[in-house]
Amino acid sequence: MPEIPEWAKQNSWGVRFDWGLPGAQALGPGSAAVVVIDVLSFTTAVSVAVEAGTKVLPYPWRDGTAAEFAARQAAELAVGRTAVSVQQPWSLSPAALRRAPAPALLVLPSPNGSAISAAVSGAPVIAASLRNVHAVARWIVQQGWGTEEQPIAVIAAGEHWPGQDALRPALEDWLGAAALLAALVENGAGPLSPEAWVAKVCYDSVEDVPALIADCASGRELAGIGFADDVAVATEIDASKVVPVLIDGAFTDAS
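Participant: Whenever I open this one, the overall build of the protein confuses me. Can you help?
Facilitator: Summing up its helical and strand segments, the protein has 11 helices and 11 strands in all. The principal-axis extents of the C-alpha atoms in the protein amount to approximately 50 × 40 × 35 Å. Counting only residues that meet the buried cut, the protein has 54% of its 255 residues in that class. When contacts within the protein are restricted to residue pairs at least 6 apart in sequence, long-range pairs at least 24 apart make up 74% of them. Summing over all exposed atoms, the protein offers an accessible surface of approximately 10900 Å²; the carbon and sulfur share of this is 55%. For the protein, the centre of its 14 positive side-chain charges and the centre of its 27 negative side-chain charges are spaced 4 Å apart.

In structure tokens form, the structure reads like this:
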């Protein structure tokens with residue numbers, strides 16, 4: 001990848017914010033930890049699976065190589081939402097994961113949150129969602145991170161525009177990241193970069209986050225294909241205490 005210019009790295013700030021894989025690649029190398037947020041649905045699905053005792057292996061591609069990877073890891077494989085069956089009841093749907101039996105290991109492919117998580121190297125990766133923002137924020141501060149000396153990068157995964165290899169900034173990920181930024185400030189982290197500060201201020205002004213997410217483009221997309229229950233699970237704000245951290249290639253509860 002091209003060299004990242006210094007002005008893009010948000011240096012001198014304790015808490016930084018950016019979008020997608022390019023944002024993670026820009027901020028990750030200078031960070032004590034990288035927090036990935038993909039509300040609909042990767043990191044929400046991770047929180048549900050980890051709550052049930054499953055270790056989640058992120059995988060960046062939803063193709064034939066995912067099955068090969070799962071077989072090598074002796075793990076179950078999550079399939080597309082509409083491909084769920086009795087034999088493979090696991091998918092990116094948090095609601096489906098909640099109903100399915102909990103395997104010891106689960107490969108969860110996704111071109112957004114999972115791809116970002118798998119690509120980061122050199123720093124711990126944490127999966128955050130609206131379900132566990134305060135648990136994650138408290139844990140980060142307990143590690144001594146989120147300071148000028150030990151900065152963290154908060155990455156909103158975003159989506160891809162249909163049929164295009166182009167990032168679509170997604171409102172639900174903006175709000176998920178902003179909720180974490182607000183929780184980090186509550187726990188004493190900072191200072192926030194201008195990018196992070198603006199997101200936090202916007203979150204503070206929203207009165208009904210679940211309603212806003214249900215009515216945004218991604219929420220309507222899921223409801224339109226019959227997965228409104230995934231939106232409901234994703235907006236269970238602070239319902240979870242797990243802190244999924246990528247340890248030896250799998251998200252495991254570090255709380």
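Participant: Help me understand the side chain of Asp38, please; the structure alone is not making it clear to me.
Facilitator: Looking at where Asp38 falls in the secondary structure, it is placed in the loop between strand 2 (33–37) and helix 2 (42–51). Salt bridges are absent for the buried Asp38, whose nearest opposite-charge side chain, Arg81, sits at 8.2 Å. A distance of 3.5 Å separates a polar atom in the side chain of Asp38 from the backbone nitrogen of Ser41. A polar atom in the side chain of Asp38 sits 2.9 Å from the backbone nitrogen of Gly113. Excluding its chain neighbours within four sequence positions, the residues that come into contact with Asp38 are Thr43, Thr44, Ser110, Asn112, Gly113, Ala128, Ala157, Glu159 and Asp173.

Participant: Would you mind showing me how to read the packing of helix 6 (residues 133–142) against helix 7 (residues 171–186) here?
Facilitator: Two numbers describe a pair of packed helices, the interaxial angle and the distance between the axes. At their nearest, the axes of helix 6 and helix 7 sit 8 Å apart, and the two run at 45 degrees to each other. Considering the angle they form, helix 6 stands oblique to helix 7. The element helix 6 and its partner helix 7 pack so that their crossing is right-handed. Facing helix 6, whose interface residues are Val133, His134, Val136, Ala137, Ile140 and Val141, helix 7 presents Gly176, Ala179, Leu180, Ala183, Leu184 and Glu186.

Participant: Mind showing me how you'd approach the packing of aromatic side chains here?
Facilitator: In this description, a pair of aromatic rings is defined by centroid distance and the angle of the planes. Per the stated rule, a full pass over the model turns up 6 aromatic pairs. The ring of Phe227 is capped by Arg81, whose NZ or CZ atom sits 5.7 Å from the centre of that ring. Above the plane of the ring of Trp161 lies Arg168, whose end atom (NZ or CZ) is 5.9 Å from the centre.

Participant: Before we go on, may I ask you to explain the pairing of strand 5 (residues 105–109) in this structure?
Facilitator: Every other side chain in a regular strand lies on the same face of the sheet, so the side chains alternate between the two faces. Taking burial as the measure, the 5 residues of strand 5 include 4 buried ones, the bulk of the element. Pairing geometry for strand 4 (residues 76–77) and strand 5, over 2 bridges, is parallel. Within the sheet, the bridge partner assigned to Leu77 lies in strand 5 and is Val107. Assessed by its sense of winding, the connection that carries the chain from strand 4 through helix 4 (residues 94–99) to strand 5 is right-handed.

Participant: Looking at this structure, how should I read the environment of Pro244?
Facilitator: With respect to the element layout, Pro244 can be found in strand 10 (residues 244–247). On the basis of relative accessible area, Pro244 is assigned to the buried category, the value being 0%. Through-space distance from the C-alpha of Pro244 to that of Val46 is 7.4 Å; in sequence the pair is 198 residues apart. Ignoring any residue separated from it by four or fewer positions in sequence, one finds Pro244 in contact with Val46, Val50, Val125, Ile126, Ala127, Asn132, Phe251 and Thr252.

Here is what the cut-offs are and how they apply
- Residues numbered from 1 in each chain as written.
- Predicted model: local features only at pLDDT ≥ 70, side-chain atom pairs only at ≥ 80, totals over all residues.
- Heavy atoms only, no water.
- Helix = DSSP H or I, 4+ residues; strand = E, 2+ residues; numbered from the N terminus.
- Buried < 20%, exposed > 50% of the residue type's maximum accessible area, 1.4 Å probe, protein only.
- Contact = heavy atoms within 4.5 Å.
- Areas by Shrake-Rupley, 256 points an atom, 1.4 Å probe, with all protein chains shown as cover.
- Lys, Arg positive; Asp, Glu negative; His and termini not counted.
- Charge placed at Lys NZ, Arg CZ, Asp CG, Glu CD.
- Salt bridge = Lys/Arg side-chain N within 4 Å of Asp/Glu carboxyl O.
- Polar contact = N/O pair within 3.5 Å; in protein donor to acceptor, adjacent residues only side chain to side chain.
- Axes fitted to C-alpha atoms, helices over the stretch in contact; angles between N-to-C directions.
- Parallel < 35°, antiparallel > 145°, perpendicular 65-115°, else oblique.
- Left-handed = near helix turned anticlockwise from the far one by under 90°.
- Phe/Tyr/Trp six-rings, centres within 6.5 Å; stacked < 30°, edge-to-face > 60°.
- Lys NZ or Arg CZ within 6 Å of the ring centre and 35° of its normal.
- Pairing = 2+ DSSP bridges.
- Right-handed = clockwise from strand over helix to strand, strands pointing away.

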